[in-house]
Amino acid sequence: MDVPAIEVRGLSKRYGEGDAAVDALKGVDMRIAPGEVVGLIGPSGSGKSTLLKCLGAVIEPTGGYMVLGGRVAFDGGWKIRDLSGLRRDNIGFVFQAPYLIPFLDVTDNVALLPMLAGKSNREARRQAVELLEALDVGHRAKAAPSELSGGEQQRVAIARALVNRPPVVLADEPTAPLDSERALNVVRILNRMAEQYRTAIIVVTHDEKIIPTFRRLYRIRDGRTFEEAGEGRGT
Amino acid sequence: MISLAGRDILHHWAKYVFTGVGLGLLIGVTLSMAGIYRGMVDDAQVLLRSSGADIWAVQQETLGPYAEPSNMRDDAYRAILGMPGVAEASNVTYLTMQIRQGGRDVRVMAVGSEPGRPGEPPFLVAGRRIARSHYEVVADVRTGFRLGERVRIRRHEYEVVGLTRRMVSSSGDPMVFLPLKDAQEAQFLKDNDAIVNERARTAANPALNRPGVPGLFDAILASQTASRSVNAVLVRVASGHDPEQVAENIRRWKHLEAYTRAQMEEILVSRLIETSARQIGTFLVILAIVSAAIVSFIIYTMTLGKVRELAVLKLIGTRNRTIAAMILQQSLGLGLIGFVIGKTVATLWAPYFPKYVLLLPGDAVRGLVATMVVCAVASLLAIRVALKVDPATAIGG
């Protein structure tokens, strides 16, 4: 396996203290290579969202070791001070709902990230349009998010997650609101982009339609992950 | 970097414009209040300037004709005229009264002055100056009188022969200029019943109606009906003389109070208008607080409505200072929209105020700065809320 884009060892997360303490993660281990798309599945309350928040540098794990994009991000404590910079430059997010910024058009929704990273408006928009075209929504570049269909909005959200070419993308139930055809299309796009940009993508899902498409799966139960071989070869 | 605040304002332009209209009306009222104060000060300065006087000689221990009643004999001006440094001196009377005209009451300040002397209006906008000794008036256009119109003042009818502009008293009443003798009569002459009554009382007084002194009774009656008082003597100082020195000589040798223009302006602006100024100042502070509360509430509720977007922005790596700047700019944008509307409405409705409203560019600039400061302060609560938004809420779970 290549140098991992995501490596997690013994990651734990405890909410609360004393008798009220809840261990949401109890020593999670993961290793995902650049360009790989893996599924993260598990029942409600198993710790999927907590793991995603830890990987997204949104909440601080209680213990363990975590490499994101080839950099040691956590080793008993945060090793990177600028977490918002870490998220901006190393992690892309795709949510269950697209959560596009309603007051920005499609291009600027995508171009915002490179702009935040310090790129010029022109360069950021060029990059955004290029990616939107690659995702077949280039023709809606000037539209407002509210004018797009659900599938188009999700593709724009994927473009936003990938525009800074982050080594890691975390997708939280990205196909939940979509029908089978569109859901498989989204997975197809994620696989294509992972391969093209060498991005490691974790897809949290309950969606039975797309679970068979993953080559590798992590099943999470009671705060622990179990690696499984998937049936799929992508889509 | 694109302006997130600008895009949000454009996206929700109707919300911002309608909110801006509400805020703008409030700012318009604030600017108008400042304009009313400026107008009062300007009225006072115009009143002094237009009188053409360098010194006001008035009754001892009074503040002069505009602030307190002042009564002095109408021959005092002769003595003043003979003093060194005095180029001109003339009697004037001032009387605030109600004139009934065409079914409406017009409150005016009736000014009695002598033609060609200090005290008459410095310019006319229509008609001519008073040419006859009686029954002609020049009126300020704000009285609503027209040339050739006849108005009744006390017992007599007067013809409006000229119109002037911006001639108002310190309380904003338009002025009506009439011949000094007529003005003295209007102010000091008793009505017929009072004269008959006074004559009967004098006739019944043996000390005043002595059988052995012919002519005494008639002389006393004549003195009772004469109106030989004025309110002030306006003095013009000869060139090369110090008005303060001339005023000091009048105080010392003529036993009168004498005020230079600077002193009279201080009386008018600092004493007469002071209470109004404090009133307006208090009102301005209240309006500023109300504006801040409104902007604060609006920006706060708008921010609460964007919690999800803020969480996404934070999650994708938007810095706190970018988010704070966005909310600050939105608040300032709202203030700017409000100010533009406020300035526009204040300018549009200023001519309809009964008193002169003077909107100075300097006040507008100060108003803009104050609006921006108020909006910046008002955005702090919303910024605090925005910075507390947890990016994890975008992920859910």
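Please read these numbers as outputs of a predicted model, since none were measured by experiment. (Residues numbered from 1 in each chain as written. Chains lettered and ligands numbered in written order. Predicted model: local features only at pLDDT ≥ 70, side-chain atom pairs only at ≥ 80, totals over all residues.)

Visitor: Looking at this structure, I do not really get the overall build of chain A. What am I missing?
Guide: For chain A, the helix and strand inventory stands at six helices and ten strands. Rg of the C-alpha trace for chain A: 17 Å, near the compact-globule value of 18 Å for 235 residues, within the 12% margin. Taken along its principal axes, the extent of the C-alpha atoms in chain A is 55 × 40 × 35 Å. A buried classification covers 51% of the 235 residues belonging to chain A. Long-range pairs, those at least 24 residues apart, make up 69% of the contacts in chain A with a sequence separation of at least 6. (Helix = DSSP H or I, 4+ residues; strand = E, 2+ residues; numbered from the N terminus. Rg over C-alpha atoms; globule rule 2.2 N^0.38 Å. Buried ≥ 20, exposed ≤ 12 C-beta atoms within 10 Å, placed from the backbone. Contact = placed C-beta atoms within 7 Å.)

Visitor: What is the right way to read the overall build of chain B from this model?
Guide: Broken down by element type, chain B carries twelve helices and twelve strands. Relative to a compact globule of 397 residues, whose C-alpha radius of gyration would be 21 Å, chain B shows 31 Å and is clearly more extended. Its C-alpha atoms put chain B at 120 × 50 × 40 Å along the principal axes. Sequence separation of at least 24 residues holds for 78% of the intrachain contacts in chain B that already meet a minimum separation of 6.

Visitor: Can you help me understand helix H9 (residues 274-304) of chain B in this one?
Guide: In an α-helix, one turn spans 3.6 residues; hence positions three or four apart end up facing the same way. Residue and element names in this part refer to chain B. Between its first and last C-alpha, H9 extends 44 Å over 31 residues, near the 45 Å set by a 1.5 Å rise per residue. Among the residues of H9, those classed as buried are Ser291, Val295, Ile298, Ile299, Tyr300 and Thr303. Against helix H2 (13-51), helix H11 (320-349) and helix H12 (361-388) lie the buried residues of H9. (Expected span 1.5 Å × (residues − 1).)

Visitor: Mind showing me how you'd approach the interface of chain A and chain B here?
Guide: Frequently, the measure chosen for interface size is the accessible area that the parts lose on association. Between chain A and chain B, the contact holds 25 residues from the first and 20 residues from the second. Tallied by class, residues from the side of chain A that touches chain B come to 13 nonpolar, six polar and six charged. (Nonpolar A, V, L, I, M, F, W, Y, C, P; charged D, E, K, R; others polar.)

Visitor: Got a minute to help me understand the pairing of strand E3 (residues 86-101) of chain B in this structure?
Guide: On a regular strand, each side chain points to the face opposite its neighbour's, so the side chains alternate between the two faces of the sheet. All names here are of chain B. Taken together, the six bridges between E3 and strand E11 (residues 232-237) define a ladder with antiparallel strand orientation. The residue bridging alanine 89 from the neighbouring strand is valine 235, located in E11. Between E3 and strand E4 (residues 104-113), which pair antiparallel in sequence order, lie two residues; one of them, glycine 102, sits at a positive phi of approximately 55°. (Pairing = 2+ DSSP bridges.)

Visitor: How do you make sense of the sheet that holds strand E7 (residues 168-172) of chain A when you look at a structure like this?
Guide: Strand pairs in the sheet, formed through backbone hydrogen bonds, run parallel or antiparallel to each other. Residue and element names in this part refer to chain A. Across the sheet, which stays open at both edges, the six strands sit in the order E6-E7-E8-E3-E9-E10 with mixed pairing between neighbours. A single partner strand is all that each edge strand has here, and the edge strands are strand E6 (91-94) and strand E10 (224-229). Pairs of neighbouring strands in the sheet enclose a mean axial angle of 20°, with direction left out of account. Across four bridges, the pairing between strand E3 (residues 37-41) and strand E9 (residues 216-221) is parallel. Its bridge partner lying in E9, leucine 40 is registered against tyrosine 218. (Axes fitted to C-alpha atoms, helices over the stretch in contact; angles between N-to-C directions.)

Visitor: Quick question: what am I supposed to make of unusual backbone geometry here?
Guide: A negative phi holds for most residues other than glycine; trans holds for most peptide bonds. Residue and element names in this part refer to chain A. At alanine 57, a residue that is not glycine, the phi angle is positive and equals roughly 55°. Summarising the element assignment, alanine 57 is placed in the loop between helix H1 (48-55) and strand E4 (63-68). Despite not being glycine, glutamate 173 has its phi angle at roughly 50°, a positive value. Mapped onto the elements of the fold, glutamate 173 is located in the loop between E7 and helix H6 (180-197). Assessed through the 20 C-beta atoms surrounding it within 10 Å, glutamate 173 is described here as buried.

Visitor: I tried to follow the pairing of E3(A) on my own but got confused; where do I start?
Guide: Residue and element names in this part refer to chain A. Most of E3 is tucked away: five of the five residues are buried. Taking every second residue as pointing to the same face, both faces of E3 are buried, with Val37, Gly39 and Ile41 on one and Val38 and Leu40 on the other. With four bridges connecting them, E3 and strand E8 (residues 200-204) associate as parallel partners. Pairing of leucine 40 across the sheet is with valine 204, part of E8.

Visitor: Teacher, can you tell me more about the environment of Gly39(B) here?
Guide: Residues and elements named next belong to chain B. By the element assignment, glycine 39 lies in helix H2. In the structure, glycine 39 is positioned 41 residues away from isoleucine 80 in sequence and 34 Å away in space, judged by C-alpha atoms. Setting aside its immediate chain neighbours within four residues, glycine 39 contacts Lys355, Tyr356, Val357 and Leu358.

Visitor: Explain the environment of Thr107(A) here, please?
Guide: Residue and element names in this part refer to chain A. Mapping threonine 107 onto the fold places it in helix H3 (residues 106-116). Its 21 C-beta neighbours within 10 Å are what place threonine 107 among the buried residues. Spatially, the C-alpha atom of threonine 107 lies 42 Å from that of valine 22, the residues being 85 residues apart in sequence. Excluding its chain neighbours within four sequence positions, the residues that come into contact with threonine 107 are Arg125, Ala128, Val129, Leu132, Ala141 and Lys142.

Visitor: Looking at this structure, how should I read the sheet that holds strand E2 (residues 22-32) of chain A?
Guide: Residue and element names in this part refer to chain A. Spatially, four strands are ordered E2-E1-E4-E5 in an open sheet, and the strand pairing comes out antiparallel. If you trace the sheet from one side to the other, it starts and ends with E2 and strand E5 (71-75), each paired once. Ignoring strand direction, the axes of neighbouring strands in this sheet form an average angle of 20°. Two elements, E4 and E5, share four bridges in a ladder whose sense is antiparallel.

Visitor: What exactly am I supposed to notice about helix H7 (residues 243-254) of chain B here?
Guide: All names here are of chain B. Relative to the 16 Å expected for twelve residues at 1.5 Å per residue, H7 spans 16 Å between its end C-alpha atoms, a close match to the ideal helical length. Taken as a whole, H7 has its buried residues at Pro243, Val246, Ala247 and Ile250. One side of H7 holds all its buried residues, which, seen down the axis, span an arc of 100°. Those residues of H7 that are exposed and aimed more than 90 degrees away from the buried face are Gln245, Arg252 and Trp253. Of the surrounding elements, those touching the buried residues of H7 are strand E1 (55-58), helix H3 (76-81), E3, E11 and strand E12 (257-260). Phi for histidine 255, located one or two positions after H7, is positive at around 55°. (Arc of directions from axis to C-beta.)

Visitor: How should the nonpolar core be read in this particular structure?
Guide: In summary, soluble globular proteins display a tendency toward joint burial of nonpolar side chains. Counting residues in each nonpolar core, the largest one holds 174 residues, and the members touching the most others are Leu190(A), Ile55(B) and Ala57(B). With twelve residues, H2(B) is the single largest residue contributor to this core. (Core = buried A, V, L, I, M, F, W, Y, C linked by C-beta atoms within 7 Å.)

Visitor: Sorry, what's going on with the environment of Gly45(A) here?
Guide: If you trace the backbone, Gly45(A) turns up in the loop between E3 and H1. Distance in space between the C-alpha atoms of Gly45(A) and Asp222(A) is 8.0 Å, their sequence separation being 177 residues.

Visitor: How should I be thinking about the packing of H3(A) against helix H5 (residues 150-162) of chain A in this particular structure?
Guide: Describing two packed helices takes the angle between their axes plus the distance from one axis to the other. Residues and elements named next belong to chain A. Where H3 contacts H5, the two axes come as close as 7 Å, and the packing angle between them is 25°. As judged from the angle between their axes, H3 and H5 are roughly parallel. Both H3 and H5 take part in a crossing whose hand is right-handed. In contact with Val106, Asn109, Val110 and Leu113 of H3, H5 contributes Val156, Ala159 and Arg160. (Parallel < 35°, antiparallel > 145°, perpendicular 65-115°, else oblique. Left-handed = near helix turned anticlockwise from the far one by under 90°.)

Visitor: Got a minute to help me understand the packing of H11(B) against H12(B) in this structure?
Guide: All names here are of chain B. Interhelical geometry of H11 versus H12 gives an angle of 145° and a closest axis separation of 8 Å. Relative to H12, the crossing made by H11 is right-handed. Grouping the constituent residues of the contact of H11 with H12 by class yields 17 nonpolar, seven polar and one charged.

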